[in-house]
Amino acid sequence: MPRYLGVMSGTSLDGMDIALIEQTDSTRLLATHYLPMPEALRAELLTLCATGPDELARAAMAEQRWVELAAQGIATLLQQHNLSSTSIRAIGSHGQTVRHEPARGFSIQIGNPALLAELTGISVVSDFRRRDVAAGGQGAPLVPAFHEALFGAPDRCRAVLNVGGFSNLSLLEAEKPVRGFDCGPGNVLMDAWIQRHRGVDYDRDGAWAATGRMQPTLLHALLSDPFFQARGPKSTGRELFNLAWLDARLSQLPQYPAEDVQATLLELTATSIVEALQAAQKRTDELLVCGGGAHNRTLMARLAERLPGCAVSSTEAHGVPADWVEAMAFAWLAHCCLEGIPANRPSVTGARGLRVLGAIYPA
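Criteria and cut-off values
- Residues numbered from 1 in each chain as written.
- Predicted model: local features only at pLDDT ≥ 70, side-chain atom pairs only at ≥ 80, totals over all residues.
- Heavy atoms only, no water.
- UniProt positions renumbered as here; feature names shortened; annotations may be inferred.
- Helix = DSSP H or I, 4+ residues; strand = E, 2+ residues; numbered from the N terminus.
- Contact = heavy atoms within 4.5 Å.
- Pairing = 2+ DSSP bridges.
- Axes fitted to C-alpha atoms, helices over the stretch in contact; angles between N-to-C directions.
- Buried < 20%, exposed > 50% of the residue type's maximum accessible area, 1.4 Å probe, protein only.
- Polar contact = N/O pair within 3.5 Å; in protein donor to acceptor, adjacent residues only side chain to side chain.

- You'll find the protein entered in an unreviewed UniProt entry as Anhydro-N-acetylmuramic acid kinase, with Pseudomonas lalucatii given as the organism.
- Regarding the protein, the relevant UniProt record gives this comment under Function (unreviewed entry): "Catalyzes the specific phosphorylation of 1,6-anhydro-N-acetylmuramic acid (anhMurNAc) with the simultaneous cleavage of the 1,6-anhydro ring, generating MurNAc-6-P. Is required for the utilization of anhMurNAc either imported from the medium or derived from its own cell wall murein, and thus plays a role in cell wall recycling."

Below you can see the structure in the form of structure tokens.
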């Protein structure tokens, strides 16, 4: 049976997810491995998300370290499960996004797939976004087609929500093309704010946000950004939503307690998701949540409160661990590339048509 590895490190930059799948008529998760992102590499990747000196050389060095980490994780996973590199058909490597500006015609993921093929002895498929952008699309989100394959149901109107650094929705209505788009910040602003004020990487369970009071004036100021009024196809990234963006809005308002800002940022995430979902899909029977945000109990409770009549649950309840959906998706995208199967969806990205995504680096 064909086996594929998927490697994913998202905008949260907390670590690297590696998933092993078996792909036949369906997708089966066989094994997983997680690697925390080394702090020095995380800091450098974060710095590369903005303009700076000597970017080309620094990006080339950073992607070598990123690939070495990925190769180490792949070797560990294979060793733990007594598998050889020859038993894997290909690695689907997303790489690390450092710039995403489809309006200017580019989306850049670094991750040196040639070096990854060299270090692992396994063929690598990468550079999934660029073909869609070349065809006039956003290049993101790319996972709705995979969400449809995993969770589509003929008798249910579902949505799949991924909450990583940013949040994106896949809309799964029977007998309609899958649709999807980015909603806005997921964890990115909450993570940055708690790192600034409490020196920890993220707000576990949304516990700190739960101690604060949501500030309506601040929420209104945040939601006034034109991104939230735009309809899909649309995508976003750190180029727009970052601490500087937040600080600029806070500077125009009274000073709020830090925990109130955190509570309001959580409400921003919830509101942008709920309003986008309700505008795009009038009836939703089930909202399936994956990504790190699925573990934020305060956020999950808020989504459930804001969506009466819709069953809100982790994808875990449907047999797919919430932490591994994205890494599985890039393993699946490698399969699609090698089989010549178009994997973008014009109804999601706005591309001119279906395209086979990815570039192949043979072992």
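Still to come is the rest of the account.
## Re the environment of Ser313
Next, step 1: You can see Ser313 is positioned in strand S12 (residues 311–314).
Next, step 2: Note: C-alpha distance between Ser313 and Asp17 (296 residues apart in sequence) is 22 Å.
Next, step 3: In contact with Ser313, not counting residues within four places along its chain, are Leu287, Leu288, Val289, Met300 and His318.

## As for the sheet that holds S12
Next, step 1: Judged by pairing direction, the sheet is mixed, and its 5 strands sit side by side in the order S10-S9-S8-S11-S12 without closing on themselves. At either end of the open sheet lies a strand with only one pairing partner, and these are strand S10 (179–185) and S12. Strand-to-strand, the axes of this sheet are offset by a mean angle of 20 degrees, without reference to chain direction.
Next, step 2: The pairing of strand S8 (residues 158–163) with strand S11 (residues 286–290) spans 5 bridges and is classified as parallel. Residue pairing in the sheet places Val160 in a bridge with Leu288 of S11.
Next, step 3: Against the sheet, helix H11 (residues 258–280) contacts S8, strand S9 (166–172), S10 and S11, and its axis sits at roughly 155 degrees relative to S10.

## What about the environment of Asp132?
Next, step 1: Assignment of secondary structure puts Asp132 in helix H4 (residues 130–134).
Next, step 2: Under the relative-accessibility criterion, Asp132 is labelled buried at 0%.
Next, step 3: Sequence separation of Asp132 and Val356 is 224 residues, and the distance between their C-alpha atoms is 8.7 Å.
Next, step 4: In this structure, Asp132 is in contact with Gly137, Gln138, Gly139, Asn344, Thr349, Ala351 and Leu357, ignoring residues within four places of it in sequence.
Next, step 5: Engagement of the side chain of Asp132 in a polar contact is seen with the side chain of Thr349, the distance being 2.8 Å.

## A short note on the side chain of Gln23
Next, step 1: Positionally, Gln23 belongs in strand S2 (residues 15–23).
Next, step 2: A polar atom in the side chain of Gln23 sits 3.4 Å from the backbone oxygen of Ser26.
Next, step 3: Among the polar contacts listed, one links the side chain of Gln23 to the side chain of Thr27, at a separation of 2.6 Å.
Next, step 4: Discounting residues that sit within four places of it in the chain, Gln23 has contacts with Pro2, Tyr4, Trp332 and His335.

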